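Coordinate analysis (summary)
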Amino acid sequence: MRILIVSDLHVEYSEYNRYAVSMIGELAIDECVDFIGICGDISGDYMQFDDALDELSTYGIPILFVPGNHDIWTTVDDTFSMEKLDWMRDYDGAHCLMRSPMVVDDIAIVGTMGWYDYSFADPELEYDDDVYARKYCSATGREWMDGRFARFGMSDKDVADMFNRELESHLKEVNDCRVKIVLTHFAPFLPVQKRAFPKPSYFNAYGGNDGLGRVMLKYGVDISVSGHLHKNFDMMHRGIRCYQTGIDYLHKPIYSLVDRYIIIDV
Ligand SMILES: [Fe+2]
Ligand SMILES: [Fe+2]
């Protein structure tokens, strides 16, 4: 099985991000992949989210995705992120891995958006959890925009636990598979985040959670692919090949997706 995986398309950001959708489709054809995987942050605008997946589906290659935090943003006061997430779970034309794993022969592809619980916060900054929960740091004036637009109506720790439990139940289902690949939006291991952002930062609290990684270790996951950090690298961590990938915000045209995608052959 050959899978092309990309993340953080952010198609609403610029015309160059929008154009990357067709580049992904053409790359998938050139590389003869069986699946296109997306690790979230396609677009905060559901129409543009829909348009991007519609366009990508015209290339005729099955699409697997997990949502990212931007995808579940809501700008209408009476809409909650869970409703948007449910719409994505049941999405037609691309398979949301939060609905169910994809199993082909003895290879399982499992996924969740994941969330953050401040377990990746830098202790040397000495901020209380309240500061992270407010998503605004008055000491620095820095704001994490999920505070305005991600509306789950529960604490971040509860959201993270809920998605970690869902991932665990999906991994249980596929426990007999020879190869287990997990796509997440948020980072599952602190060393992955530290590789992307080694310096202490208020925003590191919002990069992932270590419960995600614990679930992956418990079920013998072989490959982890995460997005959200907008970096591209891979590393081994406790026996798991961890890939991090992202198209990123594009301020100018790009002529190739080189170094902005990964291909997995299993
Ligand atoms: Fe992103
Ligand atoms: Fe993100």
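Refer to the structure presented above.
What this report covers is the structure whose coordinates are included nearby.

As for the overall build of the chain
Across its full length, the chain holds eight helices and 13 strands. Residues classed as buried in the chain amount to 44% of the 266 residues present. Here the analysis covers contacts within the chain between residues at least 6 apart in sequence; of these, 75% occur between residues at least 24 apart.

Quick notes on the pairing of strand 9 (residues 179-184)
Within a regular strand, side chains alternate between the sheet's two faces. Of all six residues that make up strand 9, five are buried, and the element is covered over most of its length. Strand direction decides the pairing type here: strand 6 (residues 107-112) and strand 9, joined by six bridges, are parallel. When the bridges of strand 9 are listed, Thr 112 appears paired with Thr 184. By the bridge criterion, four bridges tie strand 9 to strand 10 (residues 223-226) in an arrangement that is parallel. Along strand 10, the bridge assignment pairs Leu 183 with Val 225.

Let's talk about the packing of helix 6 (residues 156-173) against helix 8 (residues 210-218)
At a minimum axis distance of 9 Å, the contact between helix 6 and helix 8 shows a crossing angle of 10 degrees. One way to sum up the angle between helix 6 and helix 8 is to call them roughly parallel. Where helix 6 crosses over helix 8, the two elements pack in a sense that is right-handed. Here Ala 160, Asp 161, Asn 164, Leu 167, Glu 168 and Leu 171 of helix 6 come into contact with helix 8, specifically with Gly 211, Leu 212 and Val 215. In terms of residue class, the contact of helix 6 with helix 8 is made up of five nonpolar, two polar and two charged.

What to know about the sheet that holds strand 13 (residues 262-265)
Picture the strands of a sheet paired through backbone hydrogen bonds; they go either parallel or antiparallel. If you walk across this open sheet you meet the five strands as 4-3-2-1-13, and the pairing is mixed. Pairing within the sheet leaves two strands with one partner each, and these edge strands are strand 4 (95-96) and strand 13. With three bridges joining them, strand 2 (residues 35-38) and strand 3 (residues 63-65) adopt parallel strand pairing. Bridge pairing in strand 3 places Ile 38 opposite Phe 65.

Some details on the nonpolar core
Residues Leu 4, Ile 5 and Leu 97 are the most contacted members of the largest nonpolar core, which totals 68 residues. Sequence-distant contacts of Ile 5, defined by excluding residues within four places in its chain, comprise Gly 37, Cys 39, Leu 183, Val 225, Thr 245, Tyr 261, Ile 262 and Ile 264.

Observations regarding the environment of Ser 224
Position of Ser 224 relative to the elements: it lies in strand 10. On a C-alpha basis, the gap between Ser 224 and His 237 in space is 9.8 Å, while along the polypeptide they are 13 residues apart. Other than its neighbours up to four places away in sequence, Ser 224 contacts Val 182, Pro 188, Met 216, Ile 240, Cys 242 and Tyr 243.

Comments concerning helix 8
Among all positions in helix 8, only Gly 211, Leu 212, Gly 213, Val 215 and Met 216 are buried. Taken together, the buried residues of helix 8 touch helix 6, strand 9, strand 10 and strand 12 (240-244). Taken from the residues just after helix 8, Gly 220 is the one with a positive phi, measuring 65 degrees.

Some remarks on unusual backbone geometry
A negative phi holds for most residues other than glycine; trans holds for most peptide bonds. In the Ramachandran plot, Arg 238 falls in the positive-phi region, its phi being about 45 degrees despite a non-glycine side chain. Turning to its location among the elements, Arg 238 is positioned in the loop between strand 11 (233-237) and strand 12. Here the phi dihedral of Asp 259 falls at roughly 70 degrees; this positive angle occurs in a residue that is not glycine. Tracing the sequence through the fold places Asp 259 in the loop between strand 12 and strand 13.

A word on the sheet that holds strand 6
Sheet architecture is open: six strands sit in the order 5-6-9-10-12-11, paired in mixed fashion. Either end of the sheet is taken by a strand with one partner, and the two such strands are strand 5 (102-104) and strand 11. Taking the axes of each pair of neighbouring strands and ignoring which way they run, one obtains an average angle of 15 degrees across the sheet. Looking at chain direction, strand 10 and strand 12 are connected through four bridges and run parallel. Counterpart to Ile 223 in the pairing with strand 12 is Arg 241. Against the sheet, helix 6 contacts strand 6 and strand 9, and its axis sits at roughly 170 degrees relative to strand 6.

Here we look at the environment of Asp 161
Tracing the backbone through its elements, the reader meets Asp 161 in helix 6. When the C-alpha atoms of Asp 161 and Gly 211 are compared, they prove to be 7.7 Å apart, with 50 residues separating the residues in sequence.

A short note on the packing of helix 1 (residues 15-30) against helix 2 (residues 46-57)
Their axes nearest at 9 Å, the elements helix 1 and helix 2 cross at an angle of 25 degrees. By the criterion of interaxial angle, the relationship of helix 1 to helix 2 is roughly parallel. Handedness of the helix 1/helix 2 crossing: right-handed. Two secondary-structure elements touch here, helix 1 through Val 21, Ser 22, Ile 24 and Gly 25 and helix 2 through Ala 52, Glu 55 and Leu 56.

Procedures and definitions
Residues numbered from 1 in each chain as written. Chains lettered and ligands numbered in written order. Predicted model: local features only at pLDDT ≥ 70, side-chain atom pairs only at ≥ 80, totals over all residues. Helix = DSSP H or I, 4+ residues; strand = E, 2+ residues; numbered from the N terminus. Buried ≥ 20, exposed ≤ 12 C-beta atoms within 10 Å, placed from the backbone. Contact = placed C-beta atoms within 7 Å. Pairing = 2+ DSSP bridges. Axes fitted to C-alpha atoms, helices over the stretch in contact; angles between N-to-C directions. Parallel < 35°, antiparallel > 145°, perpendicular 65-115°, else oblique. Left-handed = near helix turned anticlockwise from the far one by under 90°. Nonpolar A, V, L, I, M, F, W, Y, C, P; charged D, E, K, R; others polar. Core = buried A, V, L, I, M, F, W, Y, C linked by C-beta atoms within 7 Å.

Worth remembering: the numbers are spatial, not functional.
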